[in-house]
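In case you want the letters, here they are:
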Amino acid sequence: MRMQLARFQRALRERGLDGALIAAPESMGGVNARYLSGFSGSSAYLLIGLENAWILVDFRYWEQAAIESPDFEVVHLDGQGIGNVIHLCKSQDIYCLGFEEDKVPVQIWRRWNEAIPVVWRPLERMVERLRLVKTTEEIALIREAAAIAGDSLMEILPNIVGQRETDVAFELEWAMRRRGAEALAFPTIVASGPRGSLPHAQPTSRVIQPGELVTLDFGARVSGYHSDETVTVATAQVSRELSHIYKVVAEAQAAGIAAVKPGNSPQEVDAAARAIIGAAGYGEAFGHGTGHGVGLEVHEDPYASPGVGDQVFEVGMTITVEPGIYLPGVGGVRLEDTLVVTESGCERLTRVPKHFRVI
Ligand code: ZN
Ligand code: ZN
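Cut-offs and rules
Residues numbered from 1 in each chain as written. Chains lettered and ligands numbered in written order. Predicted model: local features only at pLDDT ≥ 70, side-chain atom pairs only at ≥ 80, totals over all residues. Heavy atoms only, no water. Donors = N, O, S within 2.8 Å, 3.2 Å for Na, K, Ca; no water. Tetrahedral: all angles 85-135°; square planar, octahedral: opposite > 155°, others 65-115°. Helix = DSSP H or I, 4+ residues; strand = E, 2+ residues; numbered from the N terminus. Buried < 20%, exposed > 50% of the residue type's maximum accessible area, 1.4 Å probe, protein only. Axes fitted to C-alpha atoms, helices over the stretch in contact; angles between N-to-C directions. Parallel < 35°, antiparallel > 145°, perpendicular 65-115°, else oblique. Left-handed = near helix turned anticlockwise from the far one by under 90°. Contact = heavy atoms within 4.5 Å. Nonpolar A, V, L, I, M, F, W, Y, C, P; charged D, E, K, R; others polar. Pairing = 2+ DSSP bridges.

1. Overview of the coordination of the zinc ion (ligand 2)
Under perfect tetrahedral coordination by four donors, a metal shows angles of 109.5 degrees; under perfect octahedral coordination by six donors, it shows angles of 90 or 180 degrees. Only Asp 228 (OD), His 292 (NE2), Glu 322 (OE) and Glu 336 (OE) from the protein coordinate the zinc ion (ligand 2), and they sit 2.1 to 2.2 Å from it. Given four donor atoms and angles of 80 to 154° at the metal, the environment of the zinc ion (ligand 2) is assigned as irregular. Read N to C, the donor residues that coordinate the zinc ion (ligand 2) are spaced as D-x63-H-x29-E-x13-E. Distance-wise, the zinc ion (ligand 1) is placed 3.2 Å from the zinc ion (ligand 2), both being coordinated by Asp 228. In this pair, Asp 228 sits in the loop between strand E11 (225-226) and strand E12 (229-234) while Glu 322 sits in the loop between strand E15 (318-321) and strand E16 (324-327), placing the two residues 94 residues apart along the sequence. The buried category is assigned to Asp 228, whose relative accessible area is 3%.

2. Thoughts on the packing of helix H7 (residues 136-156) against helix H8 (residues 165-178)
The N-to-C vectors of H7 and H8 enclose an angle of 135°; their axes lie 9 Å apart at closest approach. It follows that H7 is oblique to H8 by the angle criterion. For the crossing formed where H7 meets H8, the hand is right-handed. Residues Ile 148, Ala 149, Ser 152, Leu 153, Glu 155 and Ile 156 of H7 lie in contact with H8, whose contacting residues are Val 168, Glu 171, Leu 172, Ala 175, Met 176 and Arg 178. By residue class, the composition of the contact of H7 with H8 is eight nonpolar, one polar and three charged.

3. With respect to the coordination of the zinc ion (ligand 1)
Within the protein, Asp 217 (OD), Asp 217 (OD), Asp 228 (OD) and Glu 336 (OE) serve as the donor atoms for the zinc ion (ligand 1), at 2.0 to 2.6 Å. Coordination at the zinc ion (ligand 1) is irregular, judged from the four donor atoms that bind it and the angles of 55 to 151° they form at the metal. Each donor residue of the zinc ion (ligand 1) belongs to the same chain, with the gaps between them written as D-x10-D-x107-E.

4. What to know about the sheet that holds strand E6 (residues 119-122)
Judged by pairing direction, the sheet is mixed, and its six strands sit side by side in the order E4-E3-E2-E1-E5-E6 without closing on themselves. What marks the edges here is a single partner per strand, and that holds for strand E4 (73-76) and E6. If you compare each strand with its neighbour and ignore which way they point, the axes differ by 25° on average. Note: strand E5 (residues 96-99) against E6, four bridges, orientation parallel. Directly across from Gly 98, in E6, lies its bridge partner Arg 121. Strands in contact with helix H1 (residues 3-14) are strand E1 (19-23), strand E2 (45-49) and strand E3 (53-57); relative to E2, the strand with the most contacts, it is inclined by about 60°. Packing against the sheet, helix H4 (residues 81-91) makes contact with E1, E2, E3, E4 and E5, and its axis sits at approximately 165° to E3.

Take a look at the structure:
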């Protein structure tokens, strides 16, 4: 049986719930239904009891749901979605039903509340909390995505000078797809020269020059799982100021990575990286969080930002460490790796070395 489903059913029992209704129509866009069932289509409802589970899908997905979600009984939706749920709740003695209060639109929630005769209880991000600790299979998929992305970057990196940022992004994306990425993890960022001060710069027609820094933030997706990595390279010798901020960011990243270990909190990772950038006098030039979890979503719990969250690292959690310094009119540096927490600290899933590199 799927481990994710078994863990969820155990958590439901511990909370005193008889079941949960997880909705994943296109409009709600969540990945929790996929996490629990393995179903990768764009529209489904999961009704999960303590012993049994049903996946309600329309004609498009009858066959796919049976293949992808063998632990679930496939219920054919025929326009009577709520009717099916009412029938199942009555026949299965489900009285107390959990729902995702942060995802169901008010309009749909009102309909459920009026029509389905159960006591509703908010799940309070129960699925997200289960998703924090990854299975071996999940980690293998993130590692595979990171390998595809890293190998692709190394292939295109020698040829970026003289190209437009948009061309570099396209070459990188094409290389990732050729290596088996099912999709990009997110729109690729390429920020060259002074544009490096824009943390989330979209690639433009600017031509990359010799003697500047170029920041590339990129990732691949494999079976729904993402990688996330940022590399900054020099296109020839750069100014002392730029090579200095590179050194500071590299030190901050190393300090952040050193703080990723069981028992530490993501906030300690953020504090370790931020302290180094602050001590070098660039505190004001580092305005974003230091990291985030990576999995079925590119950005997911836990977050390594000042004062956010109450998690403590456990073996199997993922986190990025991505400090940066951004100087308007001058340029910027960001270095990012995706890591998984291990017994002894952490392991890097992304592969491109972060030492100062002149291409
Ligand atoms: Zn990134
Ligand atoms: Zn990131």
